[in-house]
Amino acid sequence: MKKNKILHAIAALSLLVTATACEHIDNKTLPNYTVRIDLSGYALWNTYGVSGMGDYRIFNREKRIPSNFPYNVNTYTGYGGVLIMMGIDGPMAYDLACPVEISPDVVLSISADNFDAVCPRCNSHFDPLMNAGGPISGVAVKNKVGMRQYRVTANNGGYFISN
C-alpha cells in the first residue's frame, strides 16, 4: 500500500514537471538591443513616468517619442521602442516590437479597452499589465512567445529602465 502511494506521488510530480515545462514562454525572440532610460528623481518620473494602474508611456529615441523628452547620447530605447506600464506591483517595461514579427518597424499598440498589447500585422495579443507580457491570443500563443521584458529599478524617487 505504501509503495503504491509513493508511485502515485512520483507520477503526479512527473506530470506536474511535464505540464509546467510545456508552458514555457520565450520572451527573448527579439534581438538584444541596449535599453537605458533614466527617469531617476521625482521631477523626471512625475513628468515622464506612469502613475495609475494601466497608465502607460512609450519611448522611442529614433522617433523622438515623447517629443519633449530630454534624450541624450546615453539614452537607448531597445529594438522597437520601450513601453512602460504601471502594473499592480509597480512599473513594468517591455520592448514594443512584436515578438512574432521580429521587426523594429512592427510595433505593438495598446488597446484602450483592456490594455492588451496588439500587433497590427499578425494580430497577436499580449498582456503587459497582468501576465508579464505573455501571449493571450493569435500566433504568439501557438508559438509560445511573449514580450521582451526590461528591468525597472527604483532610483531617487523615480525609476531607471535597463536590460
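Residues numbered from 1 in each chain as written. Predicted model: local features only at pLDDT ≥ 70, side-chain atom pairs only at ≥ 80, totals over all residues. Heavy atoms only, no water.

Participant: Help me out: how do you make sense of the pairing of strand β5 (residues 90-95) in this one?
Facilitator: In regular strands, side chains alternate between the two faces of the sheet. Within β5, 6 of the 6 residues are buried, which leaves the element mostly enclosed by the surrounding structure. In the sheet, strand β4 (residues 82-87) pairs with β5 via 6 bridges, with the strands oriented antiparallel. Pairing of valine 82 across the sheet is with aspartate 95, part of β5. Between β4 and β5, which follow one another and run antiparallel, lie 2 residues. (Buried < 20%, exposed > 50% of the residue type's maximum accessible area, 1.4 Å probe, protein only. Helix = DSSP H or I, 4+ residues; strand = E, 2+ residues; numbered from the N terminus. Pairing = 2+ DSSP bridges.)

Participant: Quick question: what am I supposed to make of the nonpolar core here?
Facilitator: Note on soluble globular proteins: their nonpolar side chains tend to be buried together. With 17 residues, the main nonpolar core has Leu83, Cys98, Leu108, Ala117, Cys119, Phe126 and Met147 as its most contacted residues. Counting residues in hydrophobic clusters, the runner-up holds 15 residues, among them Val35, Trp45, Phe59 and Tyr71. (Core = buried A, V, L, I, M, F, W, Y, C linked by side-chain atoms within 4.5 Å.)

Participant: Can you walk me through the side chain of asparagine 60 in this structure?
Facilitator: Here asparagine 60 shows up in the loop between β2 (56-59) and β3 (76-77). Looking at asparagine 60, the relative accessible area reads 10%, which means it is buried. One polar contact links the side chain of asparagine 60 to the main-chain amide nitrogen of glutamate 62, over a distance of 3.1 Å. The residues contacting asparagine 60, other than those within four sequence positions of it, are Ile65, Tyr71, Thr77, Gly80 and Gly81. (Polar contact = N/O pair within 3.5 Å; in protein donor to acceptor, adjacent residues only side chain to side chain. Contact = heavy atoms within 4.5 Å.)

Participant: In this structure, what is going on with the pattern of salt bridges? I would like to understand it.
Facilitator: Where charged atoms from two side chains of opposite charge approach closely, those side chains can pair. Taken as a whole and judged by the stated rule, the model has 1 salt bridge. We note a salt bridge from arginine 121 to glutamate 101, for which the minimum N-O separation is 3.8 Å. Remark: glutamate 101 occurs in the loop between β5 and β6 (109-110) and arginine 121 occurs in the loop between β7 (117-118) and β8 (125-127); sequence separation between them is 20 residues. You can call glutamate 101 partly exposed: its relative accessible area is 24%. (Salt bridge = Lys/Arg side-chain N within 4 Å of Asp/Glu carboxyl O.)

Participant: Looking at this structure, I do not really get the sheet that holds strand β10 (residues 149-155). What am I missing?
Facilitator: As a general point, the strands of a sheet are linked pairwise by backbone hydrogen bonds and lie either parallel or antiparallel. One open sheet accounts for 7 strands, arranged β2-β4-β5-β10-β11-β1-β3; its pairing is antiparallel. The open sheet is flanked by β2 and β3, the only strands paired with a single partner. Where β10 meets strand β11 (residues 158-162), 5 bridges bridge the pair, whose relative direction is antiparallel. Within the sheet, the bridge partner assigned to asparagine 155 lies in β11 and is glycine 158.

Participant: Please clarify how the confidence of the model for the protein chain should be interpreted in this entry.
Facilitator: Do not read the predicted coordinates in detail wherever pLDDT is low. Here the protein chain averages 89 in pLDDT, while 87% of its residues score no lower than 70. Between residues 3-21, whose pLDDT stays under 50, and residues either more than four places distant or in other chains, the model counts 0 contacts. (pLDDT = per-residue confidence, 0-100.)

Participant: Is there a simple way to explain the sheet that holds β8 in this structure?
Facilitator: One open sheet accounts for 4 strands, arranged β6-β7-β8-β9; its pairing is antiparallel. Each edge of the open sheet carries a strand with a single partner, namely β6 and β9 (134-137).

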